[in-house]
Amino acid sequence: MYHLEGDYDYHEDRYYLEGDKVNACLAELRHLQHLDLSGNNFQRSRIPKFFGSFKQLSYLNLSYSRFSGIIPHHFGNLSNLKVLDLRSNDITSNDMAWVSGLSSLEHLDLTYVNLSQANNVDMVFYMIPSLTYLSLRGCDLTNADLGLYHNSSKILPTIEHLDLSSNSFKGQLPHFFQNLTSLRFLGISSYNLSLAWNSVNLLNTIPSLSELHLSRCGLHNAPFSPTYLNSSAHSNIQYLDLSDNSIEGRFPSELMNTTSLKVLDLSSNSLKSSIPVMPNLLKLDVSFNMFEHIELVGIWRQCHLKELSLSYNYFGGEMIGPSSNTSECSHYALEVLGASAIAFTSSIPESVGKLNNLRVLSLGSNSFTGSIPKALDRLRSLEVLDLSHNKLTGQVPTFLGNLTKLNLSYNQFSGSIPESLRRLTGLTHLYLQSNLLTGAIPESLGRLTGLTSLCLQLNLLTGPIPVSVGQLTKLVEVDVSENSLEGEIPPFQLRHVRLSSCKIENGFPLWLQNQRMLEELVLSNASLYGLPPTWLQNMPMLNLLDLSHNKLIGSLINLPFIEYTDFLLLQDNLFNGSIPRSMCRRTSLVILDVSSNRLSGNIPDCLENLQYMRMLLLGSNGLSGVLPSSFGNINSGLTWLKLNDNNFNGQLPQDLGKLRDLNVLDLGNNEFSGNIPKWIGKKLSELRILRLHKNNFTGDIPHSLCKCSNLHILDIAHNNLTGSIP
C-alpha cells in the first residue's frame, strides 16, 4: 500500500503535497496493490504511463491532484483494479477502449474528465460487467455516447450508483434504464427533458431507486401527477432533487403521497404557495424561490424537519415567532436553519431559542437590528452561528454554546473582544471583521488551539498581536488589516497573510522567510520601503502577492514570479527598469498591475505567452516604443488593458482587435498617431470604457464606434481629430 493522500480542501483549493511530477522511482514498486495520491498538487503534469505496469493494483485514486493531459491507455493493463478515481483533474481521453481491460473494476469515477473528443465512450457502459459505481458527471457527453445501439441487457447489469449529470443529453431517456434493477442512485441533472417528460415514467420500472437527481432538467412544464411521481411506484425514493427547474406557483402537493421521502430539494424554482407538513421529511431546501411570507414556509409547523433552507426568498419584515393560533410543536427536531438574505428587519426574535436542537443557524445578509437575544444561550448544541452582514449592535456576546464557527462580521458591534471566547475550545473559524471593536486583541485567543481562520480587519483595534496567537499551529488565514496595530508580528505558519494598512516597522517582517506554504501575501499600504528581499523568491506556492501602495524600489527581476503566481499587484511603488522577459514565463498570471511606478523601456513581445491574463495594467510609468503586434495574441479573454500615461507611439496594431472581450481599453496620455482604427467599433463590441485622451490621432471619428452599444465612457479629447461627430 502506498498512501500519500493530501489534505485537500475542495472548497478552499488547498493542497499539502506538491511537485512538478510523480517520482519515477515508484515504478519499482511492482507488487503495489493500493495507490492513493489524491488531494495533492502535481502542477498540471501528466499521469505517468508506468502506473499501467502495476499488475497487482486493486485501488488507484488520483482525484483532485492537478494532473493534466491524456489518460494513459496503459491503464487497460490493470486487470485486478477494483477502484479507479480520476475525478476533478484537467485530463482528457482520445479513446476509452482501454476500459475493456478492467475486468475486475467495480468503482469508476471520471467526474469532470473531458470525454468530448474520445472514441468508444460507449464501452464504459457495456464492457465492464462488474461495475457497481459509475460517475460520468460533467464529461461533455451527448446522446451518441450512451451506447444506445447495444443489447440493453448487457449495459451496466450490476450498477447501483449512476451519475450522468451535467452533460449535454436531451430528449427521451435511454431504454436501458428499465433494466437497471439494482440501481439505488441516479443522477441525470442537466438532462434536457423539457420536451420528453413522458419518458420519465420509465423510472416507474426502477423500484430499487432511493436517490434521484433531476436538477436543471427543464421540468417547468411537467405535469406533476401520480402518473409520474406516486407513492406506489416510488416507495423507496428517499432523496429527490428537483432544483432549478423553474417550477412555478404552488408546491407540488403530489409529493405528499411519497411517504418514503426524507430529503427534498426544490431550491431555485418559482414557488410561492404554502408548504404542507410532510411528517416523514427530514431535510427541505426551498431557497431561491418566490415566497413572500415566512408563514408560507411554516418554520413553527415543521416539527419533524431536521434541516430547513429558505435563504434568498424575499420575506421582508419581522421574523415572527409562533402565533397563538398556530398549533405550535411541543418539540422541534430542527438542527440546521438557513435563513440568509431574505430581508428580515427588526430584531432577532427570542423564539429562536425554542429551536433547542439547532447545530447550525445562518441569518446572515438580512437587516436585523438590536443586540443578539439572550435566548440563544439555550442553544447548547449550536456549532455554527452566522449573523454576518446585518445591523446588529451591542457587544460580542459571551454565551455562545459549543461553537466551531462564529461569523459576526459586517455589523456594528462595539466594545472589546471578550475574554470569554477562550472557552470556545472547538472554535476553528472566527470572523469579527468590519465592526467597531476597540481595545487590544486578547492574549486568551491563544488558547483556541484549533483555530484555522482569524479575521479581525476593519475595526478599531490597537496594540500588538499577542505572541500566544502566533503559537496557534493550525492557523492558515489571518487578517488584521485596517486597524491601528503595531509592534512585531508573531511567527505564524500560514497560507493567507493580509496585513494591508498595518504600520509594519523596519521593513519586511523577517518571520515571513520561513513561510513555505504561503499562498496569499497582502502587504499593501504597509509602510514598506527599499528593496524587496530576495527570499520572496523562495515561496513556491505563492498564488497572490500584493505589495501595492508602498515605497519599494529596484527592478522587478527580484520579485517572485514563480510559475503558479496568478495575481501580482505592485502598483503605486517606485520600481524602475524594464519589464523583464522572465515575466513571460509566468504563464499562470491572471492579473498583473505594475501601474504608477517608474518603469521604462519597451513592452516585451513575449507577453503573448500569458494565455490566462484577464487584467493587464501598465499605466502611469515611463514605458515607450510601439506596441508589439503580438499583444493581440494574449488571452482573447483579456477584459482590462490599461497603458495610459506612458510614452508609447506609433499606430495601434490591428491584432488588438482579437481581444474581443475587452471591457476597458485605456490608451490615454501617450503619443499614439494615425487614424482611430475602425476595427475598434467592429471587433471590440464589449467595450465599456474607451479612453484615447491626449494622443496624436488624426482624421475622422469612425462611425463604427457607434456599434459599441455597451460603451459608458468615451474620451477622445485632446487629439487632432476633424470632421463631424457620427
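Keep in mind it's a predicted model, so treat the numbers as computed, not measured.

A.B. asks: Pulling in residues and values, what's your account of the overall build of the protein?
C.D. replies: The helix and strand tally for the protein stands at three helices and 49 strands. When burial is assessed residue by residue, the protein has 55% of its 726 residues classed as buried. Working note: accessible area of the protein is about 30600 Å², and carbon and sulfur atoms make up 48% of it.

A.B. asks: Any chance you could break down the pattern of salt bridges for me, citing the residues and the numbers?
C.D. replies: In the structure shown here, the tally under the stated rule is 15 salt bridges. Two residues, Arg 44 and Asp 90, come together in a salt bridge whose shortest N-O distance is 2.7 Å. Separated by 46 residues along the polypeptide, Arg 44 in the loop between strand S2 (34-36) and strand S3 (59-61) and Asp 90 in strand S6 (residues 90-92) bring together distant segments of the chain. Here Arg 498 ties to Glu 520 by a salt bridge, and the two come within 2.9 Å at their closest N and O atoms. Taken together, the residues Arg 498 in strand S31 (residues 496-498) and Glu 520 in strand S32 (residues 520-522) connect sequence positions 22 residues apart.

A.B. asks: Kindly report on the side chain of Asp 285, identifying the contributing residues and their values.
C.D. replies: Residue position: Asp 285 is located in strand S16 (residues 283-285). An unpaired buried charge is present at Asp 285: no salt bridge exists, and Lys 283, the closest side chain of opposite charge, is 6.7 Å distant. Excluding anything up to four places from it in sequence, Asp 285 contacts Leu 264, Asp 265, Leu 266, Ser 267 and Ser 309.

A.B. asks: An account of the sheet that holds strand S28 (residues 460-463) is requested, with residue identities and associated values reported.
C.D. replies: Strand order in the open sheet formed by four strands is S24-S26-S28-S30, with parallel pairing between adjacent strands. Each end of this open sheet is capped by a strand with a single partner; those strands are strand S24 (414-415) and strand S30 (484-485). Looking at chain direction, S24 and strand S26 (residues 436-439) are connected through two bridges and run parallel. Looking across to S26, one finds that Ser 414 is bridged to Leu 436.

A.B. asks: With reference to specific residues and values, describe the pairing of strand S37 (residues 574-577).
C.D. replies: One ladder, built from three bridges, connects strand S35 (residues 551-555) with S37; its direction is parallel. Each residue of the ladder has a partner; that of Gly 554, found in S37, is Phe 575. When S37 meets strand S39 (residues 598-601), the two strands line up parallel, connected through two bridges. Bridged to Asn 576 within S39 is Arg 598.

A.B. asks: Mind laying out the state of the cysteines, listing which residues take part and the relevant values?
C.D. replies: Applying the stated criterion across every chain, the model contains one disulfide. One disulfide in the model links Cys 584 with Cys 606; its S-S distance is 1.9 Å. Between Cys 584 and Cys 606 the sulfur-sulfur dihedral comes to about 65°; the bridge is accordingly right-handed. One end of the pair, Cys 584, is in the loop between S37 and strand S38 (591-593); the other, Cys 606, is in the loop between S39 and strand S40 (615-617), with 22 residues separating them in the sequence. The same class applies to Cys 584 and to Cys 606, which are both buried. Between Cys 708, a cysteine without a disulfide, and Cys 706, which holds the nearest cysteine sulfur, the sulfur-to-sulfur distance is 8.8 Å. Using a relative accessible area of 5% as the deciding quantity, one classes Cys 708 as buried.

A.B. asks: How would you sum up the packing of aromatic side chains? Please name residues and give values.
C.D. replies: Within the structure shown, the criterion is met by 14 aromatic pairs. Plain terms: the ring middles of Phe 42 and Phe 67 are 4.8 Å apart, the flat faces sit at 15° to each other, and that makes the pair stacked. Placement of the pair is Phe 42 in the loop between S2 and S3 and Phe 67 in the loop between S3 and strand S4 (68-70), with a sequence separation of 25 residues. With respect to class, Phe 42 is no different from Phe 67; both count as buried. Note on Phe 75 and Trp 98: the rings are 6.0 Å apart at their centroids and 85° apart in plane angle, and the pair reads as edge-to-face.

A.B. asks: Would you mind going over the sheet that holds strand S47 (residues 696-699) in detail, with residue names and values included?
C.D. replies: Taken in spatial order, the nine strands line up as S33-S35-S37-S39-S41-S43-S45-S47-S49 in an open sheet, and their pairing is parallel. Because the sheet does not close on itself, it has two edges, and the strands there are strand S33 (529-530) and strand S49 (720-721). The pairing of strand S41 (residues 622-625) with strand S43 (residues 647-650) spans two bridges and is parallel. Note that in S43 the partner of Gly 625 across the bridge is Phe 648.

A.B. asks: Describe in detail the pairing of strand S45 (residues 671-675), supporting the description with residues and values.
C.D. replies: Across a regular strand the side chains alternate sides, sitting on one face of the sheet and then on the other. Bridge count between S43 and S45: two bridges; the pairing is parallel. Bridging across to S45, Gly 650 finds its partner in Phe 672. Bridge count between S45 and S47: three bridges; the pairing is parallel. Counterpart to Gly 674 in the pairing with S47 is Phe 697.

A.B. asks: Give a description of the environment of Leu 542 that names residues and reports values.
C.D. replies: The residue Leu 542 is located in the loop between S33 and strand S34 (544-546) in this model. For the pair Leu 542 and Arg 495, spaced 47 residues apart in sequence, the C-alpha to C-alpha distance is 8.7 Å.

A.B. asks: Any details on the environment of Leu 376? Residues and values, ideally.
C.D. replies: By secondary structure assignment, the location of Leu 376 is in the loop between strand S20 (369-370) and strand S21 (384-386). With a relative accessible area of 6%, Leu 376 lands in the buried category. Spatially, the C-alpha atoms of Leu 376 and Leu 355 are 9.3 Å apart, while their sequence positions differ by 21 residues. Ignoring sequence-local partners within four residues, the contact set of Leu 376 consists of Val 352, Leu 361, Leu 385 and Phe 399.

A.B. asks: Can you lay out unusual backbone geometry for me, pointing to particular residues and giving the numbers?
C.D. replies: Residues other than glycine seldom take positive phi values, yet Tyr 64 does so here, at roughly 50°. In this fold, Tyr 64 is placed in the loop between S3 and S4. You can call Tyr 64 buried: its relative accessible area is 17%. For Ala 343, which is not glycine, the phi dihedral falls at a positive 65°.

A.B. asks: Pulling in residues and values, what's your account of the environment of Ile 553?
C.D. replies: By the secondary structure assignment, Ile 553 is in strand S35. Classification of Ile 553 by relative accessible area gives partly exposed; the value is 35%. Once the C-alpha coordinates of Ile 553 and Tyr 529 are considered, the two residues, 24 residues apart in sequence, prove to be 7.2 Å apart. Non-local contacts of Ile 553, meaning those with residues more than four positions away in its chain, are made with Gly 530, Leu 531, Pro 532, Leu 574 and Phe 575.

Parameters and conventions
Residues numbered from 1 in each chain as written. Predicted model: local features only at pLDDT ≥ 70, side-chain atom pairs only at ≥ 80, totals over all residues. Heavy atoms only, no water. Helix = DSSP H or I, 4+ residues; strand = E, 2+ residues; numbered from the N terminus. Buried < 20%, exposed > 50% of the residue type's maximum accessible area, 1.4 Å probe, protein only. Areas by Shrake-Rupley, 256 points an atom, 1.4 Å probe, with all protein chains shown as cover. Salt bridge = Lys/Arg side-chain N within 4 Å of Asp/Glu carboxyl O. Lys, Arg positive; Asp, Glu negative; His and termini not counted. Contact = heavy atoms within 4.5 Å. Pairing = 2+ DSSP bridges. Disulfide = S-S within 2.5 Å. Phe/Tyr/Trp six-rings, centres within 6.5 Å; stacked < 30°, edge-to-face > 60°.

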